[in-house]
Structures are given as C-alpha cells and as structure tokens.
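An overview of the molecular structure
Each chain, written out:
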Number of protein chains: 2
Amino acid sequence: MPQKIVIIGANASGIEAASAARKKDRTAEITLLTNEKIVGYSRCGLPFVISGVISQFKELVVYPPAYFQMLKLNLLTQTTALTINTTEKTVLIQTFEDATKTIIYDKLIIATGAEPFIPSIKGNGKLGILYLRSIEDGEKIDAAIKTGAKSAIIMGAGLIGLELGVALIERGVQVTVVEMAPHILPQMLDADMAKLVQEQLEHKGMKILLNRTVEEILGEDKVSAIKASGEVFTADMFLSAFGVRANTKLAVASGIPLGETRAIKTSSSMETDVKDVYAVGDCAETSHLITHKPVCPQLGTVAVRQGKVAGTNAGGVNSQFIGVLASAITRLFDIEVGSTGINETCAIKNHIEVVVGSISSKTKADYYPSSKSIKVKLIVEKKSEQIIGAQIVGGEEVTQRINAISFAIQKQMTVRELAKADTAYAPPMNETWEPMVLAAEIALMKLR
Amino acid sequence: MPQKIVIIGANASGIEAASAARKKDRTAEITLLTNEKIVGYSRCGLPFVISGVISQFKELVVYPPAYFQMLKLNLLTQTTALTINTTEKTVLIQTFEDATKTIIYDKLIIATGAEPFIPSIKGNGKLGILYLRSIEDGEKIDAAIKTGAKSAIIMGAGLIGLELGVALIERGVQVTVVEMAPHILPQMLDADMAKLVQEQLEHKGMKILLNRTVEEILGEDKVSAIKASGEVFTADMFLSAFGVRANTKLAVASGIPLGETRAIKTSSSMETDVKDVYAVGDCAETSHLITHKPVCPQLGTVAVRQGKVAGTNAGGVNSQFIGVLASAITRLFDIEVGSTGINETCAIKNHIEVVVGSISSKTKADYYPSSKSIKVKLIVEKKSEQIIGAQIVGGEEVTQRINAISFAIQKQMTVRELAKADTAYAPPMNETWEPMVLAAEIALMKLR
C-alpha cells in the first residue's frame, strides 16, 4: 500500500518537502494543507511588490497549480489542521467548506511557519497595525499607500523592517524606523558594520531612531500614534516589524515538544521528538554550526534545505541536516548587506575568543569606472585560527562572497589558508587582491 | 649591514615582491630594475583602454612614483639586466644612459614576465603584426584604429584574443578570430561551456573560425594577409594572440634551470634551483594543486601571490606558495566567464576519473526583473567525491562564485558537502537554491 505523507503548510519548506518526498517515493499519497488561499509564493519577494519593482503580488507565485499536478501532490488550500493525534497518526482538519475531517498519515511534516509578533505592551491589540508576512498583509500596505498614506512608523530595524522601509521610501512615503537595539540589523551585524548601512539609509531619507523601546500603542480602537522611550510619534501608517515567532500552536496542542528557542525541537533528520513527525522551516529549531546551540534562524534558504531533508526522509531515504550558519543577504537601496556564521557580539556571548580582520576596498580595479565600495569583516576564532563568521557591506558582489566564506567556514578553513587562497581577478570585476584575502591578512597580523 | 635585495621586473609580481620584502625588512636596500619606461601599470587593464571604457593608458598606472618613494624602493627604469653571476651574486645591468654597471645582491628576484609568441610559421618576422602586452603595444593598436583600420584578424581565441576582440568591436572594428583549437578559450573551458560563450560573441558580431591553423603570414615586408588552413584572410589589422611565453633568456644565460613548462623552475618558497635567487610571475613555473604537475598559468593574481611569497622570504620571513588552481575570470560584452581547478579535458589528460554536474539557472529570483542566465559546471573526482574544478558562464555574479568554488577545492570539499552548503538568498541577488548547490546535486546523482 502506498504510504501517506501529510505536510502542514504549503510555502517554501512545505513544498520543498513534498517535492523531495515525491522524488524518493513515486507512489506515496502526498497531501499538503494550508490555511492560506494563495500558496507557493515567495515571502521574500513581498517588499519588492510594495516598492513597485514587481508589478503584482501574484507574480510572486513560484509554484503554480500545474506544479502540484505534475508531482501528483494533493493540495488543500484554506484548510486548517486542528489537532494531530500522534498515537493514531491522524490529523483533524477543517476544510474550506467548514467540514471537519480526519486524515491519516504515515509521515507528517509540520511546516507551519512563523507569524509576526508584537510585544505585550499597552494597546497592542489595537486595530490598524500593519505587518508584512503574507500577500494579504502586503495588499493592505499597498492599499494604505494608494489611499494616501504619506508617512510611516516602522517598529523594528531587522531585515523585514528595513526592506519595508526601503520599499515605502521608493513609493514616496516618509519613513521613521524605531529600534530598541543600539544599532540596526542587530541579528546580522556588529555595530561598526551596522553604522555603515545606517549612514546609507539615512542618506536616502530614512529616519532611524535607535535605543528606543516601543512602550505603548496609542489611539481609540485604532492606532493613531506610538510611544517609544517616552516620546509620542504620529504617522499615517504603523508597521510592526518586531520580528516573527515560530507558529507552534498546533504542535503544542498535539504534545510535540518545543526546544529552548520555543520553536519545535528537531533532530538532525528534522524529526521532532515524536516518531514520524518532522518539523521544518520557520517553526523548527535547529542547531548552529559554530555555537552548536539551538537556533531558529527563520530564513528562506534554511527552510528549503530543511524541507528537502525532511521530505527525503519521509520518502524513505536517509538524509541529515548539518545545521546552519544563517548566511543572509539583503539589498537596501544601492547597497548589499550580508553575513554568515557568527558576529563579534555573538562570539562574546558564547565566550569564544576571536580576532577580527576588517578591510575597506573596491569592487573593481581602482582605475575602472563605476567601482563601488565594499567592506569585509572576518571573525576568526583565536584558538583554532578558523574563520567563524563574516559580515560584508558593499555596492555589489556581496552575496557570493558571503557564500564563499560560508563554504570556508563549513570546511573549517583557517585564516592562514584564506590568506593563501587562489582567487580570480579581472579589472571590471574586482581588485587584484581580493578583499576577503586582505581581511584574512589583517586578522593574521593580530594572531602573530 | 643592510641586505641588498634586487628585483628584475617592475610590474605585478616584482612590485608585490618589493613591497612584501620592505614589510619584513625595514632596512634592506631594495632595487627594482626594468627595461620598460612606464612601470607599475595593470596589463589586465589594457583591453579596456582600447575599448574606450578607460580613457587613457596612463590611468592604468596603479603604482605611481610616490609609492616607490614611500617604501624607499630604488627604481631603475629603462634598465636592462644583461647577466646574473650567481656565484659572485651580482647582476650586470645596462642603464638608460647606456652605461653598464655591476650591482650586488644578497637576494635576487626574477620577475621578467612573459612575451607574446608567434609560432615558427612562414613569414612570422614580417612587420605590422600587433600584440597586446605593454602600453606601447596598446598605443600602436589604438593608433591603427584612429588612422582608419576598419577590420581586424585576431590569431588566437584565448583570454587576450577575445578581450581584444571585444574591445575592437566596441570601437567599431570588424573582428575575425582564428583559432587552432576546436573551441574558444581552450585553456579555461570545456567545449560545452565554450559554445555558450561563442554564441554570445557571435551574437555581438564577432566572427569566430575554429580548427584553423595559421600557416603563413603573407605580404611584402609588411603583413597584408594571413593564410589559415589553406584560406587567405585579409584585413586592415593583424593581431597576434597566440599566447605568451615565459621570458627566460636572462635566466638561461645565467645558468638558472627551467622546468618542464620551459618557465623558471621554483620551489614552494618561489626559490629557483640557485640559492638566493627567486622567480615569480609569468616567468616562473609552479605546481598545480589538483594535478600536482608543473604549470605556468600566467595570471595576474598568481603573479602577485608569488611576488608576496618571494618578497617575504627575501625579507627574512619564511613563506610558502601553496600552488595554483588557476582561477580566472573575464567579462566579454555582457557575460562573465570564469573557471577554477581543472576542466574535463584536463582531467582526461591526467587520467582522473570525474563526474560532472551542470545546471542552467538565473541570477535573481524567477519573478525578479532583469534576471540573467547563468550556467555552472562542476567537475568532481569520482573516487574522492571531491570538487576539483568549475566553469561558470553568466550575465553577472560569476567571479565570486568562482572564488567560492576555489575555496571549496582548496579545502577538499566533497560534492556531498557542497550539496548541503548554507547559502545566502535574497530575490534581487539570486535564486533560493544556489546554482552551485544544484550543480552539486546533479553531480551527486551520477555518483550514487
């Protein structure tokens, strides 16, 4: 009898899991269910529809219905998983037509994602606070701009907050970002690198207020202002970008254990503590390759990689997830910002003694026109001399440098080895001495 | 007494050697001598002056006189090293004023570079054949275009030949490239990848004739046509891009041994077989990290890395050159072409059994505007499953992918490890699944 694979969630990790399972098991009955109406779209693309670079939200759909048909995946949209019975191996679902139904699984993959989070401050239940998580959320923001919103307060200077801020400025909206931390992108960057990015954003007109804790949402039923560190800010739009939290309600209700990060605990097979139940993507806890601590990085690339591992295992072929370096990249106006591994702040927190090599360079030969600035910061573990992190901010060619350092970290490359690396050079593309190599040289000097 | 370091040659590797020696030995007397008039310029930049991207040849000078003064380097231009006496440790030089003089060295670094080469065919001594090696060569080509040359035959479809071809087309010259090999860029690429590049070049108007051996240079004193595989080709300009050969005359005359490649034999310290005499850059033989065979890759990045090693050693601090992967990159019109490690052809020649993973992908998310094509070809050693080479052709973001694979090769990453790599993703910069990772997946399928 063909085995039954049920996947709860039908975005990045869920669909990847389904596809991987299908590749390994040609006969399995694979069912994906999601409470969303539109499935298989790229969340990471949402800011670019708001900015106008992409003309319509529906263009973000990367998996059209034909994809599900081709792979013989049974897709149930607007369907909610109510509870999981892990003993009986069933899921109670509520369909679009409001019927409840019990479906059986041999392998279950939970890909319920994450949801925007507002801290428990006064007034946090007020209407009118916007988020950017789904297409529906994006449509609301777009509608607000179209109906005349001219100013916005964004609460949070993480990736989503800043990408949203850029998009709004590109639509002509005045943007003020309020951040609790002493610098922007506090998860990705150290203060020195964040400052570089902040200067660029401010230069483009983004107002950024740091060390400001949002204390209260003001207004009658509907938000009309916020209070942050004692000061009241008014605007036409209020956007919550405090971050997202793993969506674990179903798991908790079904007795599937969470981990330290309050995301669903998983093994290296992406299996939860309950046999034959996997968890992947933004709702799943995983381990960090450097700190070996549990983390929940909530990145699209991690989601698809985990989905593939869980789907492969569900399909009957052993696959292991090696952990994350949380390599991340974004473009904010004309600059690219990337990081991989750990930063100095994280190293200190984990009692890892490090040396740092930073270098400012150019993206083309010095004499070549339209060369842009780039800064590379390498984090090196003092004891092992291994590279354990990097942050790069530059006008172009940042992404693949982050990937290059990610490969180096994965293979435990020492800073001495990086200083000897064989890099490619041509005047329109880079300098003779690759900045990553120069940063390694600088770190080396501190080790000698 | 301060030691005397003499460096013959004052471009990429020579100046790098001098700079490295100065860093390690603050008191040494460091002398650079060169027969060129203009020193410290970027040869790799020459095609871009011809194309007009860079307005003047003098802009290519990356080391101005002030640099030599700052580092207290004694620079003798238009000065020829006539012979080296390795017993007495002296160099007989001929200065600009035509005086001969003997200078003493404690450490000598030979950085005499390479020179354009024409095969010994009939008529190869005829006047009017142009090359592109020095600024003077570049000025001659520029002058020919300015005085009305409308068509050009380029002999050789290697890096220089094609970069020159692109530059000439950008100046409105009709270009025909004649290549002996069955595909273009025969050192860098396999036939399948070369074909992709060729199509793009032809699309831009470059005429490319393969499998054509230049048999004769025709004309009275001056070239007026060439004969290739029996056919006669006429044009206004004739450019030799057959390749370059290590400039070893001085070394040979001084009893310094050459290696298998007919370049100067060196150890991993970049020392020749003669004590205290080093050789670096385009005149020096080195070893390949994959084949462990002697090679002379004649690349700018290799030159500077070797210069640094020799200079550091001459300055009294031990430094080793690890060998080369010959990572190389070029941009030809709108496409970037890169390679690192070995290609399939080279693997076959070296009896290395390989599997290949190739993938065509995009440089941005599918829905993101102005996404460009990219193709990644990975070469994997079957036995060890290690990545030993890559070729990438794409509209953008090729260089740092080549560097990423170079790091992977240096650290003996297996294709299984690459398939699990933690890559960064954002819609304006790449696809969720990084093409390098997908290429690894494809290679893996052939290993299973």
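Below or above, wherever it landed, is the structure these notes cover. (Residues numbered from 1 in each chain as written. Chains lettered and ligands numbered in written order. Predicted model: local features only at pLDDT ≥ 70, side-chain atom pairs only at ≥ 80, totals over all residues. Heavy atoms only, no water.)

What follows deals with the overall build of chain A. For chain A, the helix and strand inventory stands at 12 helices and 25 strands. Compactness check: chain A gives a C-alpha radius of gyration of 23 Å against a globular reference of 22 Å for 448 residues, within 12% of the reference. Counting only C-alpha atoms and orienting by the principal axes, one finds that chain A spans roughly 65 × 55 × 40 Å. Expressed as a percentage of the 448 residues in chain A, the buried residues total 61%. In chain A, the proportion of contacts linking residues at least 24 apart, taken out of those at least 6 apart, comes to 62%. Accessible surface, chain A: about 17700 Å² in total, of which carbon and sulfur atoms supply 51%. When the 48 basic and 47 acidic side-chain charges of chain A are each reduced to a single mean position, those positions are 2 Å apart. (Helix = DSSP H or I, 4+ residues; strand = E, 2+ residues; numbered from the N terminus. Rg over C-alpha atoms; globule rule 2.2 N^0.38 Å. Buried < 20%, exposed > 50% of the residue type's maximum accessible area, 1.4 Å probe, protein only. Contact = heavy atoms within 4.5 Å. Areas by Shrake-Rupley, 256 points an atom, 1.4 Å probe, with all protein chains shown as cover. Lys, Arg positive; Asp, Glu negative; His and termini not counted. Charge placed at Lys NZ, Arg CZ, Asp CG, Glu CD.)

What follows is about the environment of Ile290 of chain B. Residue and element names in this part refer to chain B. Considering the arrangement of structural elements, one finds Ile290 in the loop between strand 19 (286–287) and strand 20 (294–295). Ile290 sits in the buried class, given a relative accessible area of 18%. Discounting residues that sit within four places of it in the chain, Ile290 has contacts with Leu325, Ile342, Ile352, Ile388 and Ile409.

Let us look at unusual backbone geometry. Despite not being glycine, Lys72 of chain A shows a phi value in the positive range, around 50°. Mapped onto the elements of the fold, Lys72 of chain A is located in the loop between helix 3 (65–70) and strand 3 (73–76). On the accessibility criterion, Lys72 of chain A (65% relative accessible area) is exposed. Of note, the phi angle at Glu385 of chain B is positive, near 65°, even though the residue is not glycine. Following the sequence through the fold, Glu385 of chain B ends up in the loop between strand 24 (373–381) and strand 25 (387–394).

Strand residues, when the strand is regular, have side chains that alternate between the two faces of the sheet. All names here are of chain B. Pairing of strand 4 (residues 80–85) with strand 5 (residues 90–94), which is carried by 5 bridges, proceeds in the antiparallel orientation. Residue pairing across strands places Ala81 opposite Ile93, the latter belonging to strand 5. Linking two consecutive strands that pair antiparallel, namely strand 4 and strand 5, is a turn of 4 residues; a positive phi of about 60° is found at Lys89 within it. (Pairing = 2+ DSSP bridges.)

What follows deals with the nonpolar core. Val91, Ile141, Leu168, Val197, Leu201, Met206 and Met237 of chain B are the most contacted members of the largest nonpolar core, which totals 103 residues. For this core, the element with the highest residue contribution is helix 5 (residues 159–170) of chain B, accounting for 6 residues. Contact partners of Val91 of chain B, with chain neighbours within four places excluded, come to Val6, Ile8, Ala81, Thr83, Ile84, Lys101, Thr102, Ile103, Tyr105 and Leu108 of chain B. Listed in part, the 102 residues of the second largest apolar core include Val91, Ile135, Leu201 and Ala328 of chain A. (Core = buried A, V, L, I, M, F, W, Y, C linked by side-chain atoms within 4.5 Å.)

All names here are of chain A. When strand 5 (residues 90–94) meets strand 6 (residues 100–104), the two strands line up antiparallel, connected through 5 bridges. Looking across to strand 6, one finds that Ile93 is bridged to Lys101. Counting the residues between successive antiparallel strands, the hairpin from strand 5 to strand 6 contains 5 residues, one of them, Asp98, with a positive phi of roughly 75°.

Turning to the relation of the copies chain B and chain A, a few remarks are in order. Of the transformation superimposing chain B on chain A, the axial component is 0.0 Å and the angular component is 180°, with the fit at an RMSD of 0.0 Å. Expressed as an axis order, the relation between the two copies is that of a two-fold axis. Minimal C-alpha separation from the rotation axis in chain B is found for Ala404 of chain B, amounting to 1.9 Å. Mapped onto chain A, 100% of the interface residues of chain B again fall at the interface, so both copies present the same surface. (Least-squares fit on C-alpha atoms with pLDDT ≥ 70 in both.)

Listed per partner, the contact involves 66 residues of chain B and 66 residues of chain A. In total, about 5800 Å² of surface goes out of reach between chain B and chain A, with carbon and sulfur atoms giving 61% of it. The partner of Lys308 of chain A in a salt bridge is Glu441 of chain B, with the nearest N and O atoms 3.3 Å apart. Our count for the contact surface shared by chain B and chain A stands at 37 residue pairs in polar contact (both at pLDDT 80 or more). Within the residue set of the side of chain B that touches chain A, elements represented by two or more residues are helix 1 (12–24), helix 8 (300–314), strand 21 (328–332), helix 10 (399–410), helix 11 (415–419) and helix 12 (435–447) of chain B. The dominant element in the side of chain B that touches chain A, judged by the number of residues it contributes, is helix 10 of chain B, at 10 residues. Considered class by class, the residues forming the side of chain B that touches chain A number 32 nonpolar, 18 polar and 16 charged. (Buried area = accessible area lost by both parts, 1.4 Å probe. Salt bridge = Lys/Arg side-chain N within 4 Å of Asp/Glu carboxyl O. Polar contact = N/O pair within 3.5 Å; in protein donor to acceptor, adjacent residues only side chain to side chain. Nonpolar A, V, L, I, M, F, W, Y, C, P; charged D, E, K, R; others polar.)

Another aspect to go through is the sheet that holds strand 4 (residues 80–85) of chain A. Residues and elements named next belong to chain A. Here 3 strands make up an open sheet; going across it, the order is 4-5-6 and the pairing antiparallel. Looking at which strands have only one partner, the edges of the open sheet turn out to be strand 4 and strand 6. Averaged over all pairs of adjacent strands, the angle between strand axes in this sheet comes to 25°, irrespective of strand direction. (Axes fitted to C-alpha atoms, helices over the stretch in contact; angles between N-to-C directions.)

Residues and elements named next belong to chain B. Taken as a whole and judged by the stated rule, the model has 52 salt bridges over all chains. The salt bridge involving Lys107 is made with Asp276; its shortest N-O contact spans 3.0 Å. On the criterion of sequence distance, the pair formed by Lys107 in strand 7 (residues 107–110) and Asp276 in the loop between helix 7 (249–253) and strand 18 (277–279) is long-range, its members being 169 residues apart. Classification of Lys107 by relative accessible area gives buried; the value is 18%. Measuring nitrogen to oxygen at the nearest pair gives 2.9 Å for the salt bridge that ties Arg133 to Asp282. Taken together, the residues span a long stretch of sequence, with Arg133 in the loop between strand 9 (129–130) and helix 4 (135–146) and Asp282 in the loop between strand 18 and strand 19 at a distance of 149 residues.

Turning next to the sheet that holds strand 16 (residues 237–240) of chain A. Residues and elements named next belong to chain A. The sheet built from 5 strands is open, its strands ordered 9-16-10-11-12 with parallel pairing. One side of each edge strand has no neighbouring strand; the edge strands of this open sheet are strand 9 (129–130) and strand 12 (207–209). Sheet analysis places strand 10 (residues 151–155) next to strand 11 (residues 174–178), joined by 5 bridges and oriented parallel. Among the inter-strand pairings, Ser151 is bridged to a residue of strand 11, identified as Gln174. Where helix 4 (residues 135–146) meets the sheet, it contacts strand 9 and strand 16, and its direction lies at approximately 160° from that of strand 16. Sheet contacts for helix 5 (residues 159–170): strand 10, strand 11 and strand 16; angle to strand 10, the most-contacted strand, approximately 170°.

Below, the discussion takes up the packing of aromatic side chains. Enumeration according to the criterion identifies 6 aromatic pairs over all chains in this entry. Ring pairs connect the aromatic residues Tyr63, Tyr67 and Phe68 of chain A, which therefore count as one cluster. The side chain of Lys308 of chain A reaches across the aromatic face of Trp433 of chain B, ending 4.3 Å from its centre. (Phe/Tyr/Trp six-rings, centres within 6.5 Å; stacked < 30°, edge-to-face > 60°. Lys NZ or Arg CZ within 6 Å of the ring centre and 35° of its normal.)

Residues and elements named next belong to chain A. Contact geometry of helix 1 (residues 12–24) with helix 8 (residues 300–314) gives a least axis separation of 7 Å together with a crossing angle of 35°. At the point where helix 1 passes helix 8, the crossing takes the right-handed sense. Only Ala303, Val304, Gly307, Lys308, Gly311 and Thr312 of helix 8 make contact with helix 1, whose side of the interface consists of Ala12, Ser13, Glu16, Ala17, Ala20, Ala21 and Lys24. For the contact of helix 1 with helix 8, a count of residues per class yields 6 nonpolar, 4 polar and 3 charged. (Left-handed = near helix turned anticlockwise from the far one by under 90°.)

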